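Descriptive structure summary
Here is how the chains run, residue by residue.
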Amino acid sequence: MPLGQRAGDKSESRYCGVEVLDFPAGEELPAVLSHSLSSSFDFLLAPLVDPDYRPTPGSVLPVAASDLVLGPAQWSSHIVGKISEWIDLDAEDEQLRLDSEITLKQEIAWASHLSLQACVLPPPKRSSCANYARVVNHILQGLTNLQLWLRIPLEKSEPMDEDHDGAKDNSDMSDTVDSWEWWNSFRLLCEHSSQLCVALDVLSTLPSMNSLGRWFGEPVRAAILQTNAFLTNARGYPCLSKRHQKLLTGFFNHSVQVIISGRSNHNVSQGGVLSGDENHTEDTAVRHALSPYLDYIAYIYQRMDPLPEQERFEINYRDFLQSPLQPLMDNLEAQTYETFEKDTVKYTQYQRAIAKALVDRVSDDDVSTTKTVLMVVGAGRGPLVRASLQAAEETGRKLKVYAVEKNPNAVITLHSLIKLEGWESLVTIISSDMRCWEAPEKADILVSELLGSFGDNELSPECLDGAQRFLKPDGISIPSSYTSFIEPITASKLHNDIKAHKDIAHFETAYVVKLHRIARLAPTQSVFTFDHPNPSPNASNQRYTKLKFEIPQETGSCLVHGFAGYFDAVLYKDVHLGIEPNTATPNMFSWFPIFFPLRKPIYVPSKTPIEVHFWRCCGATKVWYEWAVTAPSPSPIHNSNGRSYWVGL
Ligand SMILES: C[S@@+](CC[C@H](N)C(=O)[O-])C[C@H]1O[C@@H](n2cnc3c(N)ncnc32)[C@H](O)[C@@H]1O
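Residues numbered from 1 in each chain as written. Predicted model: local features only at pLDDT ≥ 70, side-chain atom pairs only at ≥ 80, totals over all residues. Heavy atoms only, no water.

What follows is about the nonpolar core. Of all hydrophobic cores here, the largest spans 104 residues; its most connected members are I478 and F563. Sorting elements by how many residues they give to this core places strand β21 (residues 558-572) first, with nine residues. When we break this core down by domain, the ones giving at least three residues each are domain 2 (334-449) and domain 3 (481-648). If near-sequence neighbours (up to four positions away) are discounted, I478 is found in contact with Y350, A353, I354, A357, I445, L446, V447, S448, L571 and Y572. Core analysis: the next-biggest nonpolar cluster, separate from the first, contains 78 residues, V20, L48, L225 and C239 among them. (Core = buried A, V, L, I, M, F, W, Y, C linked by side-chain atoms within 4.5 Å. Buried < 20%, exposed > 50% of the residue type's maximum accessible area, 1.4 Å probe, protein only. Helix = DSSP H or I, 4+ residues; strand = E, 2+ residues; numbered from the N terminus. Domains from an automatic or database assignment. Contact = heavy atoms within 4.5 Å.)

On to the site of the ligand. Near the ligand you find 21 residues, and of these Y337, Y347, E405, D433 and M434 are the closest. Contacts to the ligand include Y347, whose side-chain N or O atom sits 2.6 Å from an oxygen atom. Between an oxygen atom of the ligand and a side-chain N or O atom of E405, the distance comes to 2.6 Å. When isolated, the ligand has an accessible area of 600 Å², and the protein chains bury 99% of it. According to the grid-proximity analysis, the pocket containing the ligand is the largest pocket. For the shell around the ligand, the secondary structure elements donating two or more residues are α10 (334-341), α11 (344-361) and α12 (383-395). For the shell around the ligand, the class distribution of residues is 11 nonpolar, four polar and six charged. (Near = heavy atom within 4 Å. Polar contact = N/O pair within 3.5 Å; in protein donor to acceptor, adjacent residues only side chain to side chain. Areas by Shrake-Rupley, 256 points an atom, 1.4 Å probe, with all protein chains shown as cover. 1 Å grid on protein atoms, 1.4 Å probe; cavity = no way out; pocket = protein on both sides within 12 Å on 5 of 7 lines; lining within 4 Å. Sits in = over half its atoms within 2 Å of the grid points. Nonpolar A, V, L, I, M, F, W, Y, C, P; charged D, E, K, R; others polar.)

What follows deals with the sheet that holds strand β20 (residues 543-549). Strands sit in the order β20-β24-β25-β26 across an open sheet of four strands; the sheet is antiparallel. One side of each edge strand has no neighbouring strand; the edge strands of this open sheet are β20 and β26 (647-648). With seven bridges joining them, β20 and strand β24 (residues 610-618) adopt antiparallel strand pairing. Considered in β24, the bridge of K548 is made with E611. (Pairing = 2+ DSSP bridges.)

This brings us to the packing of aromatic side chains. The description of an aromatic ring pair rests on the distance of the ring centres and on the angle between the ring planes. Under the defined criterion, the tally for this structure stands at 24 aromatic pairs. Measuring from centroid to centroid gives 5.4 Å for F454 and Y625, while their planes differ by 80°, and the two rings are edge-to-face. Of this pair, F454 sits in the loop between β14 (443-448) and α14 (460-467) while Y625 sits in strand β25 (residues 622-631), placing them 171 residues apart in sequence. For the residue pair F454 and Y625, the accessibility class agrees, reading buried in each case. Each residue in the set F454, F528, F549, F563, F596, F614, Y625 and W627 is aromatic and connected to the rest through ring pairs, giving one cluster. A cation over a ring is seen here: R54 above W86, with NZ or CZ 3.7 Å from the ring centre. (Phe/Tyr/Trp six-rings, centres within 6.5 Å; stacked < 30°, edge-to-face > 60°. Lys NZ or Arg CZ within 6 Å of the ring centre and 35° of its normal.)

This next bit is on the UniProt feature "binding site: S-adenosyl-L-methionine" in the protein chain. In the UniProt entry, the feature "binding site: S-adenosyl-L-methionine" is given for Y337, K346, Y347, E405, D433 and M434. For the annotated residues, spread through 98 residues, the largest C-alpha to C-alpha distance comes to 23.5 Å, inconsistent with a single compact locus. Annotated residues from the preceding list that form part of the lining of the largest pocket: these are Y337, K346, Y347, E405, D433 and M434. Note on D433: relative accessible area 18%, which makes it buried. Not counting the four nearest positions on each side in its chain, D433 is found in contact with L328 and K406. Positionally, M434 belongs in the loop between β13 (427-431) and β14. When its relative accessible area of 7% is taken as the criterion, M434 is described as buried. (UniProt positions renumbered as here; feature names shortened; annotations may be inferred.)

As for its position among the elements, N639 is in the loop between β25 and β26. In this structure, N639 is in contact with E508, W624, Y625, E626, W627, S644 and Y645, ignoring residues within four places of it in sequence. From its side chain, N639 meets the backbone oxygen of Y625 in a polar contact 2.7 Å long. In this structure the side chain of N639 is engaged in a polar contact, spanning 3.3 Å, whose partner is the backbone nitrogen of R643.

Every α-helix carries 3.6 residues per turn, so stepping three or four residues along brings you back to the same face. The terminal C-alpha atoms of helix α4 (residues 130-141), which comprises 12 residues, lie 16 Å apart, in line with the 16 Å expected from a rise of 1.5 Å per residue. Tucked inside the fold, the buried residues of α4 contact α3 (94-113), β4 (118-121), β5 (147-153), α5 (179-189) and β6 (196-202). (Expected span 1.5 Å × (residues − 1).)

What follows is about empty space enclosed by the protein. Scanning all chains against the criterion turns up six cavities of 30 Å³ or more. There is about 70 Å³ of room inside the largest cavity. Around the largest cavity, the lining residues are W183, R187, H192, S193, L196, P219, S492, H495, N496 and H561. Only α5 and α15 (492-499) provide two or more residues apiece to the lining of the largest cavity. Top contributing element to the lining of the largest cavity by residue count: α15, with three residues. Mapped onto the domain boundaries, the lining of the largest cavity takes at least three residues apiece from domain 1 (12-155 + 175-307) and domain 3 (481-648). (Points joined across faces, edges and corners; volume = space filled by probe spheres on them.)

Written as structure tokens, this is what we have:
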């Protein structure tokens, strides 16, 4: 039974599982499952094979239950397989290594036969686990639907942390500082397989928030919450520390499922609980020993705010790669304009900027004698014409409007709008590209919205340079400037989706994407700025910037899959509009961020800066970006000469 109803949340994180610690021998599995389901757990993380088994020629695999004892839907919806923990593929002992390889393959074959969705692989027993990774990589090549979740303890000793958890009993692991490193080497050895994911063991102590943040860009499918990670509240019930609660909420927001694991440490009276035996099977009326933990997890889930309306609408766009629009080269479709026009926040910001510019342009004394000439260049279906007329009405200024649009289909809509609104005496429609229109007079104010997610990437600079001819020398451009920003991110899902195309071109393309399962690794930095009117109109719009990103020390090492890009535009004076995360215009949804991928993700060791270069290049028929990393290790120059991705002029 899901943890609760959270409006708009249809993600996996609504389901909570429980780990079966003891092998359910004697076909006990159906009873364990039914007891857990009747106690409101949704699935089991259960051993599939007797842990005492070692392969011998001709032996039959001693499985927990024959495939007949549960129906196919029960196996696939309610059981996550737990691979035997004794398996040690990097052991010194060769026999143990060989037995491990045979058993691992047998267990995965059995799980595939049962059509399970996932199996949890035991954690690497030491930091060097090449043979384990080799065998898993081999298995991954043959899998179709089954996912493998590598179990990783969520541990990182901070540099100043003297009393690092001494409780670990495996001496080989005691020198490990950061368990993310195990995951990273394992997935690099397995070539970033999209079916290799992570199950994080959440322990009683947590690393710093920055280092935890890295995991949100990784394919974490489950958070295994140990009962000893829970505290006890005043009434004797289990609860979590504030930091654990925050982490849990983060997991819920990233579709990570919780699995409760361990023996009950909280003997709360709850109608006949038998302490300790969480897999008690005989009396289904008796609550599961771990129910108080489940109740608490459900409480945390239900306490979360409902997803905002806009988030709900955009949920299917999360981490979905889209090609950026080419509004100059292509003609936008009605549906695209329709989506733009729903964003009232954007037009309110424009109206505020236009109103301020009108007041600055025409003093109160001159309102009756002065008519301002305002040109909307790239008018689309007319929302900025409306915003301009409303600003004029609001400020009592007289206006003459030209609406210039190169898309002949949008011009048809513009004509009907003007007729419908009775604006014939106020607005002149010009069906032309602004770069070649010969205007009959000059404008006081030039209003445009030609911005892409990266500011200049829809060629606003080139279009507005072309239109500047008909702006008065002291005229105002709205926007008056825009700046692009980038930040390095971990984004394993995006990387895998691009990799699926199996070519270089897709790794040299920028994508518009509603970023969700990502880790932001360092504060954003500005890349390129364009001012309008352009103070040097004959200068090139080519740009080059070199940036150095310092990742906070507590983060530890990380993997950079690429750069998230944003923009901020100054419309007029203090009125701005943008998506740069620190200054983003609230409730505006016209733009998702842009993503510049890296062909090969770059490993960034702790305390090492990232040096990245971005170029904006201009040719006779196209504009494109090139990008490259030079530190900590060099990448190829991406998109050389615009060979894979460009914007047509
Ligand atoms: C992003 S849309 C904005 C439309 C509208 N102003 C709005 O805010 O909803 C940009 C519009 O500018 C038009 N456009 C782009 N480049 C142009 C050019 N060089 N001359 C005229 N129109 C252009 C496109 O056809 C498109 O309708």
